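Residues per chain, in single letters:
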Amino acid sequence: MTLPPKNDTEAEIFSEWDFPDGLLNFDGQEFIFPKGFHAQASARWVEDGLLLVNIAVSSEVEGECARCLAPANLEISGELGYLYCSHGAEELEGFDDFMPVEVSHFGRVIDVMPQIRESIYTLLPTKILCREDCKGLCPVCGKNLNEGSCSCESDDIDPRLEALRNFKSEQ
Ligand SMILES: [Zn+2]
Ligand SMILES: [Zn+2]
């Protein structure tokens, strides 16, 4: 994106991007972006050599339900702040909420794609559920328990209670 005019801390530059649909592999999980995703950024000089960039991303992601493996959707959106700095990240006190990005020098434009990608990664859920109370699959027969119960015996005992039961029988 284009940088605001040098030495002008009032000027703020906005850019936005629409990314095509695609697929992302993250942390061993596959996420699909069926409608692509949208990113916006605004840039403003804090001082010479210190550029504040806010990145907002939003998207719909599709993945596998962590419990029953059915397709599941989730809306993600959020905003992250970055501080691009050409004079060492140790001078960034007072900007704790911003992630520092060291650059060797500022030209006329700046590449914020790595930070947009990072923002998406940060917002991805550790797991997607098809619904909050998904019952998952039966560990014995593999039936999707959202569609009804199976005839397997329920051995669903809390391991702590199990320990207690063993303890009693030993007496
Ligand atoms: Zn599920
Ligand atoms: Zn079963």
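As the structure is a prediction and not an experimental result, all values here were calculated from the model.

Enquirer: Could you give me a rundown of the overall build of the chain, with the residues and numbers involved?
Expert: Helix and strand content of the chain: 2 helices and 7 strands. Secondary structure elements in the chain, listed N-terminal to C-terminal, are β-β-β-β-β-β-β-α-α. Looking at the 171 residues of the chain, the share that counts as buried comes to 32%. Considering only contacts in the chain between residues 6 or more positions apart, those separated by 24 or more positions represent 55%. With the model as given, the accessible surface of the chain reaches about 11200 Å², and the carbon-plus-sulfur share is 48%.

Enquirer: Run through the coordination of the zinc ion (ligand 2), naming residues and quoting values.
Expert: Bound to the zinc ion (ligand 2) on the protein side are C138 (SG), C141 (SG), C150 (SG) and C152 (SG), at distances that span 2.3 Å. Considering all 4 donor atoms around the zinc ion (ligand 2), the spread of angles at the metal, 105 to 112°, places the coordination shape in the tetrahedral class. Between the donor residues of the zinc ion (ligand 2), the gaps in sequence give the motif C-x2-C-x8-C-x1-C. Among the residues examined, C141 registers a relative accessible area of 44% and is labelled partly exposed.

Enquirer: How would you sum up the coordination of the zinc ion (ligand 1)? Please name residues and give values.
Expert: Protein-derived coordination of the zinc ion (ligand 1) comes from C65 (SG), C68 (SG), C130 (SG) and C134 (SG), at a distance range of 2.2 to 2.3 Å. Viewed at the metal, the 4 donor atoms of the zinc ion (ligand 1) are separated by angles of 108 to 116°, and the geometry they form is tetrahedral. In primary-sequence terms, the residues that donate to the zinc ion (ligand 1) follow C-x2-C-x61-C-x3-C. Linking C65 in the loop between strand 5 (50-64) and strand 6 (71-85) with C130 in the loop between helix 1 (113-123) and helix 2 (159-169), this pair joins segments that are 65 residues apart in sequence. The partly exposed category is assigned to C130, whose relative accessible area is 33%.

Enquirer: Kindly report on the environment of C141, identifying the contributing residues and their values.
Expert: By the secondary structure assignment, C141 is in the loop between helix 1 and helix 2. C-alpha separation for the pair C141 and S151, spaced 10 residues apart in sequence, amounts to 9.0 Å. With residues up to four places along the chain from it excluded, the contact list for C141 reads C150 and C152.

Thresholds, definitions, all that
Residues numbered from 1 in each chain as written. Chains lettered and ligands numbered in written order. Predicted model: local features only at pLDDT ≥ 70, side-chain atom pairs only at ≥ 80, totals over all residues. Heavy atoms only, no water. Helix = DSSP H or I, 4+ residues; strand = E, 2+ residues; numbered from the N terminus. Buried < 20%, exposed > 50% of the residue type's maximum accessible area, 1.4 Å probe, protein only. Contact = heavy atoms within 4.5 Å. Areas by Shrake-Rupley, 256 points an atom, 1.4 Å probe, with all protein chains shown as cover. Donors = N, O, S within 2.8 Å, 3.2 Å for Na, K, Ca; no water. Tetrahedral: all angles 85-135°; square planar, octahedral: opposite > 155°, others 65-115°.

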